[in-house]
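Commentary on secondary and tertiary structure
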Amino acid sequence: MKWRRFETRKNSFPKLHYHLKLLKKIDLLLLLVAPMIVLIEILLLSESSLMELLTLLCIYIFAIIEYINYYFIQLTNYSNGSGKPSAIAKEIKLHKIE
């Protein structure tokens, strides 16, 4: 999308920021619901092994890190206590209406 916008000097997806805001809310909802689902699964299916729980925990921590990486700061460019805003965060901020 960025390359197409650069080449044509116009926005190919004029309502992209609305979709990004919606996806950000959906991602946050999924991150909040996931621990409850895991707890219910543990309580109902007590056959879960420690390895399965550790795997779930690692995946959940990775999901939180990716949420921060996509919607707030680029963690790959994080140095000296400050980070560069991600492309999605810039796009949302650019078209901020609220």
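Residues numbered from 1 in each chain as written. Predicted model: local features only at pLDDT ≥ 70, side-chain atom pairs only at ≥ 80, totals over all residues. Heavy atoms only, no water.

This part takes up the overall build of the protein chain. What the protein chain contains, in helices and strands, is 4 helices and 2 strands. Starting at the N terminus, the α and β elements of the protein chain follow one another as α-α-α-β-β-α. The buried share of the protein chain, reckoned over its 98 residues, is 13%. Residue pairs at least 24 apart in sequence account for 47% of intrachain contacts in the protein chain once pairs closer than 6 positions are excluded. About 8,100 Å² of surface is accessible on the protein chain, with carbon and sulfur atoms providing 70% of the total. (Helix = DSSP H or I, 4+ residues; strand = E, 2+ residues; numbered from the N terminus. Buried < 20%, exposed > 50% of the residue type's maximum accessible area, 1.4 Å probe, protein only. Contact = heavy atoms within 4.5 Å. Areas by Shrake-Rupley, 256 points an atom, 1.4 Å probe, with all protein chains shown as cover.)

This part takes up the packing of aromatic side chains. What the rule picks out here adds up to 3 aromatic pairs. Where Y70 meets Y71, the ring centres are 6.5 Å apart and the plane angle is 85°; that geometry is what we call edge-to-face. A residue is classified by how much of its surface remains accessible, and Y70, at 43% relative accessible area, is partly exposed. Taken together, the ring pairs in this structure connect Y67, Y70, Y71 and F72 into an aromatic cluster. (Phe/Tyr/Trp six-rings, centres within 6.5 Å; stacked < 30°, edge-to-face > 60°.)

On to the nonpolar core. Grouped together as the largest cluster of nonpolar side chains are 6 residues: L16, L20, L31, Y67, Y71 and I92. Counting residues per element, this core draws most heavily on helix α2 (residues 16–44), which supplies 3 residues. Those residues within four positions of L31 in sequence are excluded, and the remaining contacts are Y60, A63, I64 and Y67. (Core = buried A, V, L, I, M, F, W, Y, C linked by side-chain atoms within 4.5 Å.)

On average, residues of the protein chain score 77 in pLDDT, and 73% of them reach the 70 mark or higher. Taken element by element, the protein chain is modelled with least confidence in helix α1 (residues 2–8), mean pLDDT 61, and with most confidence in helix α3 (residues 50–71), mean pLDDT 87. (pLDDT = per-residue confidence, 0-100.)

Let us look at the layout of surface pockets. Size it by volume and the largest pocket reaches roughly 270 Å³. If you trace the largest pocket, you find 13 residues lining it, with A34, V38, L56, L57 and Y60 closest to the centre. Of all the secondary structure elements, the ones that give two or more residues to the lining of the largest pocket are α2 and α3. Per-element accounting of the lining of the largest pocket gives the leading share, 7 residues, to α3. Class assignment for the residues of the lining of the largest pocket results in 12 nonpolar, no polar and 1 charged. (1 Å grid on protein atoms, 1.4 Å probe; cavity = no way out; pocket = protein on both sides within 12 Å on 5 of 7 lines; lining within 4 Å. Points joined across faces, edges and corners; volume = space filled by probe spheres on them. Nonpolar A, V, L, I, M, F, W, Y, C, P; charged D, E, K, R; others polar.)

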